[in-house]
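Given next are the chains, with one letter for each unit.
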Amino acid sequence: MEGWIYSPNFPSNYDNYLQCIYKIIKYSDDVCSIDLTLSEFDVEDTPDCSADYLDMGNGSTRMCGTYMTGTKKILTFGSNNNEIKFTFVTNRDITRKGFIGKIRQMRNSCPHYLMNKTTQPIVPYVPNVMHVSESVPQVIHRQPVYLGSYCDIYIGEVIGDLRSPGFPYGYHSNQSCTYSIRRAASDICKVELIFNQFDINAGDSRCDSDYFELPDRNRLCGKVPVQHRVYPFSSSSNFQILKFVSDNQPDKYVTGFWIEVKQLRNSCDQKTSQNVIKCDQTISGQITTIHSLNYPQFYGPSQQCVYLVEPMDQNTCDYEIELLNFNIESSRDYLGNCRKDFLQFPDGTRICGFSSTKRTFRFPKFRDRIGMFYFNSDDNHEERGYEIRVNQIINSCSHNYDYGFTIKPPYMSSTSAPYLTTQSPYAYPNTYADNNTFYNCNKMINSEIEVISSPNYPQNYPTVTRCIYTFVKSSYVCQMKIKILDMDIENSKDCHHDYLLIESSGERFCGQFFKPEDKIINYPKYSSELRLIFNSDRQLTGPGFQLRAEQIPNSCTQPVVDKTPGVSTINEVPIDPMVFQRRISRPLPDTSINMITPSPQICSSSAAYVSTFQSDNYPNAYNPFTNCVYKIFRSSRRVCRLEIIFDDFDVGIEDVNHKSCGNGYVEIDNVKYCGRRKGGQVIVEFGSDKQEYNIRFHTESSVRYGGFRIQVRQIDDNCPHNHMQQEFMPGSTESCGKMQFSERSLQILSPHYETGSYQPFLDCQYLVRKSTSNICALEVKFDAFSLEESANCYKDYLQIGSTKLCGKLPYAATKTYEFKDEEIPIKFHTDSNVSDAGFVIMVKQVQC
């Protein structure tokens, strides 16, 4: 059901001249789609992915460049095909780190007309292919509950989605799905639910059959029109819990639901106290006892307490929940279900009233192996509450190897059978390290001050290890200070092998470093978490690192200036008294730490005739160590130059004598601008071979200034008539309707492209007819393409022939479509909500 694909040598660079085939075999006949989640993706970037690329199984969708961690792709098995094939191809020169991604086959993802009455696994014999099967666990002396958590969803970001299993093709009977929304920031007190589509079995007026339970414990069923609902977070919890349940009677005429989730920033009123006691708790020890609020006194109305259980080590798969004392309001309905006050177990069952029981549960395979149960009370009757003991059962995985774990990436595995096949004499199977131990070193850190270190520190860290340290910020915190107390990580060019990574900035650290030094890190915007990642490959190791992390209070309104703009090369033993003092007996190297400056990120982009760009935080001081670009996309084929006006500008220090910039600059047409200026302008040429123009913003130190605001105007006056390439001298259309064209070349723009955003509820149809009888294909060049991305492109899409496109395509990507008839239809469709920049395509008819 699950497995990993990865490039050869990962996490080291892949080789040249590769052609690797990855085959995903359909697990069972109720699987029609797979979910690919990229953990890392760094492949040589070219405009049309013509050098190195990963082909997504259909021969026409290629991926190259870099993608953010967590990028998802949904792919569908063909109607008569039991496998999906990925192809990774590299050419003769540049290589990069490569990729690793997790494959999850999606049960119940088929339309009803494709579902059979039985779901026997389909296991054709294909040698050396990725195929992960799932066996039923056999555990002696206990009967743990397996959590069917493939449909459970956890949302910790500001924006997310809730969907019923199999949406929009209905859902199966006997479903029980829990949806957990965790507060993403301290200024969020409310959540908005946007019901885009809701159609489940109506049952009766009480919604006792199939139902969707809201945060206020009311139920919805039947059909619900498009609407918005807002729910506050409980004063005692940082979670909102929702639930979907279906009974044992299938209904093939319903579609399920799709609900957007938006956590509302600045939604806390002045009456909302920041000092209210939260009863949420994370349990990670072997034996932990928890109590309801005020126990043994009455717990109080409108309480919600969420308990997350983290396994204490990799050998723990089971845990017990024992009710030592339990007395909450007895509130069962006529079916015996607890509807008012209740405790919900990890398997979704609820209890209320008096009880004394012990139940054994298994950590789920999903959601980082975290179990969850919670308590909820309504706004009236109260009782004494509860005393509960949670006991993690040591060595409880011995009868079920690897069951309950997220399947390990192959570079953490001791198996001798690789997950990929190669069909090239240049590609060799991977050899695995001798390290057979899987280190569960991930940490979720909520404390304001924490000392973290690499596994086994100060002894050598293990090979093929990846540790993620997640820091959850406290209220009024926007920055964190880290002090690198000790570091001895394998040194390599660009920190390519072993490294410590600051995920938000892309900075990597490796080599030896012995002088304690502070570094200020900003929490990512709209996120309550900041992550440090330690990675080791399968070769050399070292003692590792130790650092102290400290959240900076009130740093949202009073940001701290980083006083370490450069990298120190002084080698000293740390003298901090909190640090374990390790004697240095070997000679100290000439250089210390190795840090990689990340490639420029995209600050902002626009395709409008007149655009305004400004630095982050403007008019307040910009952030230190910024390295990003502002992209201007050509608004029309007539544009030939740009006028850039400095409305307000205060960046870095201008050295007039040496004609150089210190601390920061804005780079336009290879000229660096810094210092103070206001009202000046710059004219630059917009070359005919370009569809975008980049302005770079770079800051180097903690000395910050007021930033900038500039206007960019695209000019099409007095431009030469042959400004555009002669191969594309067609007419141009930006209309929306039913139109027919027979020109050899044509430019098509999405409606209102120059404004930077298309409209909702569009259905534009373009019919391209053969200009002559000897035309065989239509070549489509994507000069700009940015549409809302969705699974199977069911939201906004551009459909050419029978192929739907959505999301983003690289500049100048080219696709060719065969004329099967005398014409090829092109359709642009948008739904009711999210919009994006749109597209500019150049279509050219190709002779046979």
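What counts, and where the lines are drawn
- In this numbering scheme, every chain counts its residues from 1 along its sequence in written order.
- pLDDT decides what is reported in this predicted model: residues at 70 or higher carry local features, side-chain atom pairs at 80 or more are listed and counted, and totals for whole chains, interfaces and linings draw on all residues regardless.
- Values shown for side chains rest on all heavy atoms present in the structure; no hydrogens or waters enter the calculation.
- DSSP bridges decide pairing: two strands pair if at least two such bridges lie between them.
- For the purposes of this entry, the term helix denotes a DSSP run of H or I that reaches at least four residues, the term strand denotes a run of E that reaches at least two, and both are numbered from the N terminus.
- Angles here are taken between N-to-C directions and fall from 0 to 180 degrees, while the axes themselves are lines fitted to C-alpha atoms, restricted in helices to the stretch in contact.
- Categorising residues by exposure relies on relative accessible area from a 1.4 Å probe, with only protein chains included: less than 20% of the type maximum marks a residue as buried, more than 50% marks it as exposed, and the intermediate range marks it as partly exposed.
- Each polar contact in these results corresponds to two N or O atoms within 3.5 Å; when the atoms are within protein, one needs to be able to donate a hydrogen and the other to accept it, and residues that are neighboring in sequence are counted only if both atoms are side-chain atoms.
- Residues count as neighbours in contact if any of their non-hydrogen atoms are within 4.5 Å of one another.
- A pair of cysteine sulfur atoms is labelled a disulfide when the two atoms are within 2.5 Å.
- Throughout this description, the term salt bridge denotes a Lys or Arg side-chain nitrogen within 4 Å of a carboxyl oxygen of Asp or Glu.
- What pLDDT expresses is the predictor's confidence in each residue, scored from 0 to 100.

A few points about the sheet that holds strand 16 (residues 227-232)
Here is step 1: If you trace the four strands from one edge of the open sheet to the other, you get 11-18-13-16, paired in antiparallel fashion. In the strand order of this sheet, the two ends are held by strand 11 (159-163) and strand 16, each with one partner. In this sheet, adjacent strand axes meet at a mean angle of 25° when their direction is disregarded.
Here is step 2: Sheet analysis places strand 13 (residues 190-199) next to strand 18 (residues 256-264), joined by nine bridges and oriented antiparallel. Bridge pairing in strand 18 links glutamine 197 to tryptophan 258.

A short note on the sheet that holds strand 24 (residues 350-351)
Here is step 1: Sheet architecture is open: five strands sit in the order 19-21-27-23-24, paired in mixed fashion. The open sheet has two edge strands with one neighbour each: strand 19 (281-283) and strand 24.
Here is step 2: Of the pairings in the sheet, the one linking strand 23 (residues 342-344) to strand 27 (residues 371-376) comprises three bridges and is antiparallel in character. Paired with leucine 343 across the bridge in strand 27 is phenylalanine 375.

Some words on the side chain of glutamate 788
Here is step 1: Relative to the elements of secondary structure, glutamate 788 occurs in the loop between strand 56 (775-786) and strand 57 (797-800).
Here is step 2: Among the residues examined, glutamate 788 registers a relative accessible area of 8% and is labelled buried.
Here is step 3: Among the polar contacts made by the side chain of glutamate 788, one reaches the side chain of lysine 795 at a distance of 3.4 Å.
Here is step 4: Once residues lying within four places of it in the same chain are set aside, the contact partners of glutamate 788 are Tyr758, Lys795, Asp796, Cys806, Gly807, Asp831, Asn833, Val834 and Asp836.

What about the state of the cysteines?
Here is step 1: All told, the structure shown has twelve disulfides when counted by the stated rule.
Here is step 2: Note on cysteine connectivity: cysteine 189 is disulfide-linked to cysteine 268, with sulfurs 1.9 Å apart. Around the S-S axis, the bridge from cysteine 189 to cysteine 268 shows a dihedral of about 95° and counts as right-handed. Taken together, the positions of cysteine 189 in the loop between strand 12 (176-182) and strand 13 and cysteine 268 in the loop between strand 18 and strand 19 put the pair 79 residues apart, joining distant regions of the chain.
Here is step 3: A relative accessible area of 22% means that cysteine 268 is categorised as partly exposed.
Here is step 4: A disulfide bridge connects cysteine 338 with cysteine 352, and the sulfur atoms are separated by 2.2 Å. Across the S-S bond of cysteine 338 and cysteine 352 the torsion is about -80°, and the bridge reads as left-handed. Within this pair, whereas cysteine 338 is found in the loop between strand 22 (318-328) and strand 23, its partner cysteine 352 is found in the loop between strand 24 and strand 25 (353-354), the two being separated by 14 residues in sequence. As far as burial versus exposure is concerned, cysteine 338 and cysteine 352 are alike and both buried.

Side note on the pattern of salt bridges
Here is step 1: Tallied over the full model, the rule gives 32 salt bridges.
Here is step 2: Among the salt bridges present, the one from aspartate 318 reaches arginine 362, with a minimum N-O distance of 2.7 Å. One end of the pair, aspartate 318, is in strand 22; the other, arginine 362, is in strand 26 (residues 358-362), and 44 residues separate them in sequence. Like aspartate 318, the residue arginine 362 is buried in the burial classification.
Here is step 3: Connected through salt bridges with shared partners, the residues Asp35, Lys72 and Arg104 form a single ionic network.

Some thoughts on the confidence of the model for the chain
Here is step 1: Averaged over every residue, the pLDDT of the chain is 76; the share at 70 or more is 79%.
Here is step 2: Ranking the helices and strands of the chain by mean pLDDT puts strand 57 first, with 94, and strand 29 (residues 421-422) last, with 27.
Here is step 3: Confidence drops under pLDDT 50 across residues 564-597; counting only partners more than four residues distant or on other chains, this segment forms 82 contacts.

Examining the environment of isoleucine 25
Here is step 1: Among the secondary structure elements, isoleucine 25 is positioned in strand 2 (residues 19-25).
Here is step 2: Owing to a relative accessible area of 3%, isoleucine 25 belongs among the buried residues under this scheme.

A few points about the pairing of strand 56
Here is step 1: Burial analysis of strand 56 places ten of its twelve residues in the buried class, which makes it a mostly covered element.
Here is step 2: Sheet topology places strand 56 next to strand 61 (residues 838-847); ten bridges connect them, and they run antiparallel. Of the residues in strand 61, the one forming a bridge with glutamate 779 is lysine 844.
Here is step 3: The sheet contact formed by strand 56 and strand 59 (residues 813-818) spans six bridges and is antiparallel. Paired with valine 780 across the two strands is lysine 815, which belongs to strand 59.

Topic: the environment of isoleucine 388
Here is step 1: The residue isoleucine 388 is located in strand 28 (residues 385-393) in this model.
Here is step 2: A relative accessible area of 0% places isoleucine 388 in the buried class.
Here is step 3: As a C-alpha pair, isoleucine 388 and serine 292 span 96 residues in sequence and 8.8 Å in three-dimensional space.

Here we look at the environment of tyrosine 693
Here is step 1: Counting through the fold element by element, tyrosine 693 comes out in strand 50 (residues 692-699).
Here is step 2: For tyrosine 693, a relative accessible area of 4% puts it in the buried group.
Here is step 3: When the C-alpha atoms of tyrosine 693 and valine 629 are compared, they prove to be 9.6 Å apart, with 64 residues separating the residues in sequence.
Here is step 4: When near neighbours in sequence (up to four residues on either side) are disregarded, tyrosine 693 contacts Tyr630, Lys631, Ile632, Leu642, Ile668, Asp669, Val684, Glu685 and Phe686.
Here is step 5: Within polar-contact distance, the side chain of tyrosine 693 engages the backbone nitrogen of aspartate 669 at 3.1 Å.

Here's the deal with unusual backbone geometry
Here is step 1: In the segment running from tyrosine 295 into proline 296, the intervening peptide bond is cis, with an omega of 10°.
Here is step 2: Along the chain, proline 296 turns up in the loop between strand 20 (287-291) and strand 21 (304-309).
Here is step 3: Following tyrosine 457, the chain continues into proline 458 via a peptide bond in cis, with omega recorded as 10°.
Here is step 4: Following the sequence through the fold, proline 458 ends up in the loop between strand 31 (449-453) and strand 32 (465-472).
Here is step 5: Even without being glycine, serine 302 reaches a positive phi, approximately 50°.
Here is step 6: Within the secondary structure, serine 302 sits in the loop between strand 20 and strand 21.
Here is step 7: Taking relative accessible area as the criterion, serine 302 reaches 40% and is therefore assigned partly exposed.
Here is step 8: If you check the backbone angles, aspartate 669 has positive phi at about 55° while not being a glycine.
Here is step 9: Within the secondary structure, aspartate 669 sits in the loop between strand 46 (664-668) and strand 47 (671-673).
Here is step 10: Residue class for aspartate 669 comes out partly exposed when judged on its relative accessible area of 46%.

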